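Spelled out from the first residue to the last, the chains are:
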Amino acid sequence: MGRDNGKKDFRGKGFIAEFKKFITRGNVLDMAVGVIVGGAFTSIVTSLNQDILTPLLGIFGGTDFGYLTVTLGGGENAPVLNYGNFITAVINFLITALVIFVLIKGINAIGERMRKKEEDKPAVPTTKKCPYCLSEIPLEASRCAHCTSILSDVKAE
């Protein structure tokens, strides 16, 4: 007799089939593309910061952030804190976060416009009013269920 404690058996075909289904699902592939593009985008932002922004800021501050260091202790093998590299990394992060924020804000605005366009479309009427008793009746009705009048040319409202 097999053990059935409510847990899935991860050793059998079910696990492999489930994994295949997961890996071939569209959103996993989208996520992989996003990670690859994100890596490329990170290198662009890093280059922008290190090669363009940091030297420009160095003109106004008199130094390039990349070379800011503090030597702890004395001697040849004293540890060195490269806090300029940390400042550069923080600037990279802020630029990346700003660009992602602007992209998400733009995507959300486009989504809102699309939703508003869908909401602005008038709904197809499903009822009409009886001209005699003004009751709501189905669009296909040829006789009013309330006053039993024959409805020949009543249009939906």
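The notes below deal with the structure included here.

Calculation rules
Residues numbered from 1 in each chain as written. Predicted model: local features only at pLDDT ≥ 70, side-chain atom pairs only at ≥ 80, totals over all residues. Heavy atoms only, no water. Helix = DSSP H or I, 4+ residues; strand = E, 2+ residues; numbered from the N terminus. Buried < 20%, exposed > 50% of the residue type's maximum accessible area, 1.4 Å probe, protein only. Contact = heavy atoms within 4.5 Å. Areas by Shrake-Rupley, 256 points an atom, 1.4 Å probe, with all protein chains shown as cover. Salt bridge = Lys/Arg side-chain N within 4 Å of Asp/Glu carboxyl O. Patch = residues over 30% accessible without salt bridge, like charges linked within 9 Å, V, L, I, M, F, W, Y side chains within 5 Å.

Some points on the overall build of the protein chain
So, step 1. Secondary structure assignment for the protein chain yields 3 helices and 4 strands.
So, step 2. Secondary structure of the protein chain in N-to-C order comes out as α-α-β-β-α-β-β.
So, step 3. For the protein chain, with 157 residues in total, the buried portion stands at 14%.
So, step 4. For the protein chain, the proportion of contacts with a sequence separation of at least 24, taken over those separated by at least 6, is 23%.
So, step 5. Approximately 13,100 Å² of the protein chain is accessible, and the part contributed by carbon and sulfur atoms is 64%.

Description of the pattern of salt bridges
So, step 1. Following the criterion strictly, the structure yields 1 salt bridge and no others.
So, step 2. A salt bridge links Glu112 to Arg115; the shortest N-O distance between them is 2.5 Å. Here Glu112 and its partner Arg115 are both found in helix H3 (residues 83–120), 3 residues apart, which amounts to about one turn of the helix.
So, step 3. The partly exposed category is assigned to Arg115, whose relative accessible area is 44%.

Focus: a nonpolar patch on the surface
So, step 1. Among the surface-exposed residues, Val70, Leu72, Leu81, Tyr83, Phe86, Val90, Phe93 and Leu94 lie close enough to one another that they form a single nonpolar patch of about 770 Å² accessible area.
So, step 2. The leading source of residues in the nonpolar patch is H3, at 5 residues.
So, step 3. Take Phe86: it is sitting in helix H3.
So, step 4. For Phe86, a relative accessible area of 57% translates into the label exposed.

A few points about the environment of Thr46
So, step 1. In this fold, Thr46 is placed in helix H2 (residues 26–61).
So, step 2. When its relative accessible area of 22% is taken as the criterion, Thr46 is described as partly exposed.
So, step 3. Along the backbone, Thr46 and Thr88 are 42 residues apart, and their C-alpha atoms lie at a distance of 8.4 Å.

Observations concerning unusual backbone geometry
So, step 1. Located in the positive-phi region is Leu134, a residue other than glycine, with phi close to 60 degrees.
So, step 2. Counting through the fold element by element, Leu134 comes out in the loop between strand S3 (127–129) and strand S4 (136–138).
So, step 3. Its identity as a non-glycine residue notwithstanding, Thr148 has a phi of 60 degrees, on the positive side.
So, step 4. Along the chain, Thr148 turns up in the segment after S4.

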